[in-house]
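# Structural characterization, general
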Amino acid sequence: MRGSTVEHQLENFMNGVKRRNPGEPEFHQAVEEVAATVIPYTIDRPIYTEYQILERMAEPDRVVSFRVCWEDDENKIRTQRGYRVQNNNAIGPYKGGIRFHPSVTQSVLKFLAFEQTFKNSLTGLPMGGGKGGADFNPKGKSDHEVMRFCQSFITELYRHIGEDTDVPAGDIGVGAREIGYMFGQYKRITNHFVGVLTGKGMEFGGSKIRTEATGYGTVYTMENMLAIRGETMEGKTCLVSGSGNVAHYAVQKVNHLGGKVVTLSDSSGFIHDPEGIDASKLDYIHDLKQVRRGRISEYAKEYSSATFHEGKRPWGVPCDIALPCATQNEIDLDDAKTLIANGCTGVSEGANMPTVKEGVDHYIDAKIMFAPSKMANAGGVAVSGLEMSQNSARISWSEEDLEKLLKDTMTGIHESCVEYGRESDTYVNYLRGANVAGFVKVADAMLAYGVV
Ligand code: NDP
C-alpha cells in the first residue's frame, strides 16, 4: 500500500517536472534520482508535502541566459551563450562552478545547480546552490582568446553575482587561468576586491588546498566507506577517468594512501598503465594537460608500460575501486555491470552524475559501496566555502589546518549519509542518505521562511 502511494506520488511529481521542463533530460534525471529517495521520506512527514518543498526546490529561483560576443585571433566575431542558474539560496548565497564546454545547455546547468543545492547543504556550510557556464570550447584557443571570452562573459554576469549573493567557482574547462581572467574583469568593472569567485590564485585571495580538494575528498570518501568494512585503500587497484583537476588529485591521494591507479582518460579515449600512475607520471600528466594542453594519448607514447584505447572508456579494466572523474553519464548500465562482474566493490563519484540512473540502481542492488557525487565530490565546494570565510576575514589559513578541515568535513558528510542511509541488513544506501540529509536542512530553512 505504502509502496504504491510512493510510486504514485513520484510519477505525478515527475510528470509535472517533465511538463514544465521539456527537452531537459539531464535535469529530469537528476531530479528523479533525488525524488525517488526523498518522497518516501516526506510521505511520513506531511508538512514537507503540504508546503510543496520538493516542487519548489526543483524550480530554480532564476535562470539567467545571455549572449557572449568575443573576437578570435583572426578578428572574427564569435557568439556564444552564457548562463547562470540560481537554484536555491535558502541556507546561504548561491554557490557553484562555471563550466565552459560545447556540451553546455540549460538542462545540464539546471541539473548541476539542483545537485549543488543538496551537496552544499551536506557540507554543513552556509551555501545555496547555483551553477553557470557557456557553450564555449577553450580547447585549441590561445590564451588571449580565452581571456577575451572570459572578460566578455563576466561583463554580463557581474551584475548577477556578488560575495553575499552568488559566488561562482571553476568546473570543466574553467581552472586557475579562467578564474584569474574573470576575477580581473570583475574587479575592473566594480572596483571591488571581494571574494566573489573561488578557486582564485594564491596571490589574490585563493585558498590553499582548493585545487586538490575535490579529488582528495573523493578518495577520503572511499576511505571512509572502506573503514566501515574494516578495509583501507592500501593495495587497491583503482580506475580513474578524466585527466583534469579532479582526476589529477584523486590519483595523487590514492597514491598517498598506498593504492594503485591504472587508468586515466579524456574525451578521445583512455590509457591503461598496469604498472600504475606514480608521482613522476602524474607530473608528466600535469605538464601535458595543464601547461601544453595536450591529449591523454601522448601518455602511451611517453611510457611503454601503457596502452591507449581510442574512443573507449576505462570501465572494462578489472579493478577493486572506480573513481569516475570526467563528466556526466560516462558509466552506462553495461559499464556498471562490467565493473561489478570484474570485481569492483566500490565507486566514489568525483564527477557530477557520472553514472546513469540504471547503473546506480545496479550498484545498489549489488550492494557495493557507492558514494554519489553530491557526497563524494563535496570537498571542492567545502574548501570554496572556507575560501569565502578567509576572504571575508581577510586572512589565510595554513595548508595543515585546511587539509584537516577538508578531512573532517568529508567524515561529517559520511556520517550524515550513514545516519539517513543505513538499511536493516546494515548495508548503507549512501544515495538515499545523501539525498535525504541534504534535503532536510534546506527544507527546514524553507519552512521557516514561509511561502516565498
Ligand atoms: P577539467 O576540465 O579539469 O577536466 C575534465 C576532464 O574530463 C578532462 O580530462 C576532459 O577531457 C574530460 N571530459 C570532459 N567532458 C568529457 C566528455 N564529454 N567525455 C569524456 N571526457 C570528458 O574538469 P574538472 O576536473 O574540474 O571536472 C571534472 C568533473 O568533476 C565534472 O563533472 C565536474 O562537474 C566535477 N566537479 C569538479 C569540481 C572541481 O572542483 N573542479 C567540484 C565538483 C565536481 P577533455 O580534455 O578531452 O575535454
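Residues numbered from 1 in each chain as written. Predicted model: local features only at pLDDT ≥ 70, side-chain atom pairs only at ≥ 80, totals over all residues. Heavy atoms only, no water.

The next point concerns the sheet that holds strand β10 (residues 321–323). Taken in spatial order, the 7 strands make up an open sheet running β9-β8-β7-β6-β10-β11-β12, and their pairing is mixed. The open sheet is flanked by β9 (307–310) and β12 (369–371), the only strands paired with a single partner. The sheet shows a mean angle of 15° between the axes of neighbouring strands, direction not considered. Sheet topology note: the strand β7 (residues 260–266)/strand β8 (residues 269–272) ladder contains 4 bridges and is antiparallel. Counterpart to Asp 266 in the pairing with β8 is Gly 269. Running at roughly 175° to β7, helix α9 (residues 245–256) makes contact with β6 (237–240), β7 and β10 of the sheet. (Pairing = 2+ DSSP bridges. Helix = DSSP H or I, 4+ residues; strand = E, 2+ residues; numbered from the N terminus. Axes fitted to C-alpha atoms, helices over the stretch in contact; angles between N-to-C directions. Contact = heavy atoms within 4.5 Å.)

Let us now look at the site of the ligand. In the vicinity of the ligand, 25 residues are found, and the nearest of them are Asp 171, Thr 214, Ser 267, Arg 295 and Asn 352. Taking Arg 99, its side chain carries an N or O atom lying 2.9 Å from an oxygen atom of the ligand. Burial of the ligand by the surrounding chains reaches 84%, relative to a free accessible area of 890 Å². Those elements giving two or more residues to the shell around the ligand turn out to be α8 (210–228), α9 and β7. Across the shell around the ligand, the residue classes break down as 5 nonpolar, 13 polar and 7 charged. In this structure, the shell around the ligand is formed jointly by two domains, domain 2 (62–195) and domain 3 (211–371), each of which donates at least three residues. (Near = heavy atom within 4 Å. Polar contact = N/O pair within 3.5 Å; in protein donor to acceptor, adjacent residues only side chain to side chain. Areas by Shrake-Rupley, 256 points an atom, 1.4 Å probe, with all protein chains shown as cover. Nonpolar A, V, L, I, M, F, W, Y, C, P; charged D, E, K, R; others polar. Domains from an automatic or database assignment.)

Together, Ile 47, Tyr 51 and Val 451 make up an exposed nonpolar region whose accessible area comes to about 280 Å². With respect to the helices, strands and loops of the structure, Tyr 51 is situated in the loop between α3 (46–50) and α4 (53–57). Classification of Tyr 51 by relative accessible area gives partly exposed; the value is 31%. (Patch = residues over 30% accessible without salt bridge, like charges linked within 9 Å, V, L, I, M, F, W, Y side chains within 5 Å. Salt bridge = Lys/Arg side-chain N within 4 Å of Asp/Glu carboxyl O. Buried < 20%, exposed > 50% of the residue type's maximum accessible area, 1.4 Å probe, protein only.)

To continue, consider the environment of Asn 342. Here Asn 342 lies in the loop between α12 (333–341) and β11 (346–348). For Asn 342 and Glu 399, which are 57 residues apart along the polypeptide, the C-alpha to C-alpha distance reads 38 Å. Other than its neighbours up to four places away in sequence, Asn 342 contacts Gly 316, Val 317, Pro 318 and Cys 319. For Asn 342, the side chain forms a polar contact with the main-chain oxygen of Gly 316, separated by 3.2 Å.

As a further point, take helix α7 (residues 176–190). Taking 1.5 Å of rise per residue, 15 residues should cover 21 Å, and α7 covers 21 Å from first to last C-alpha, within 8% of that figure. Taken together, the buried positions of α7 are Arg 177, Glu 178, Ile 179, Met 182, Phe 183, Gln 185, Tyr 186 and Thr 190. If you follow the buried residues of α7, they end up packed against β3 (94–100), α6 (143–157) and β5 (166–169). Phi turns positive one or two residues past the end of α7, at Asn 191, with a value near 60°. (Expected span 1.5 Å × (residues − 1).)

It is worth spelling out the domain arrangement of the protein chain at this point. It is common to report an interface's size as the accessible area lost on association of the parts. Taken domain by domain, the protein chain comprises domain 1 (2–57), domain 2 (62–195) and domain 3 (211–371). Put simply, the middle of domain 2 and the middle of domain 3, counted by C-alpha atoms, are 27 Å apart. Tallying the contact residues gives 10 residues for domain 2 and 8 residues for domain 3. Carbon and sulfur atoms make up 42% of the surface buried where domain 2 meets domain 3, a total of about 720 Å² over both sides. (Buried area = accessible area lost by both parts, 1.4 Å probe.)

By the definition in use, this model includes 27 salt bridges. Linking Lys 404 and Asp 408 is a salt bridge whose minimum nitrogen-to-oxygen distance equals 2.7 Å. Highlighted residues: Lys 404 and Asp 408, both in helix α16 (residues 399–421), separated by 4 residues, approximately one helical turn. For Asp 408, a relative accessible area of 39% corresponds to the partly exposed category.

Throughout the structure, instances matching the rule amount to 1 cavity of 30 Å³ or more. Approximately 30 Å³ is the volume attributed to the largest cavity. Together, Glu 33, Glu 115, Glu 349, Met 353, Thr 355, Val 360, Phe 370, Pro 372 and Ser 373 line the largest cavity. In the lining of the largest cavity, the residues fall into 4 nonpolar, 2 polar and 3 charged. (1 Å grid on protein atoms, 1.4 Å probe; cavity = no way out; pocket = protein on both sides within 12 Å on 5 of 7 lines; lining within 4 Å. Points joined across faces, edges and corners; volume = space filled by probe spheres on them.)

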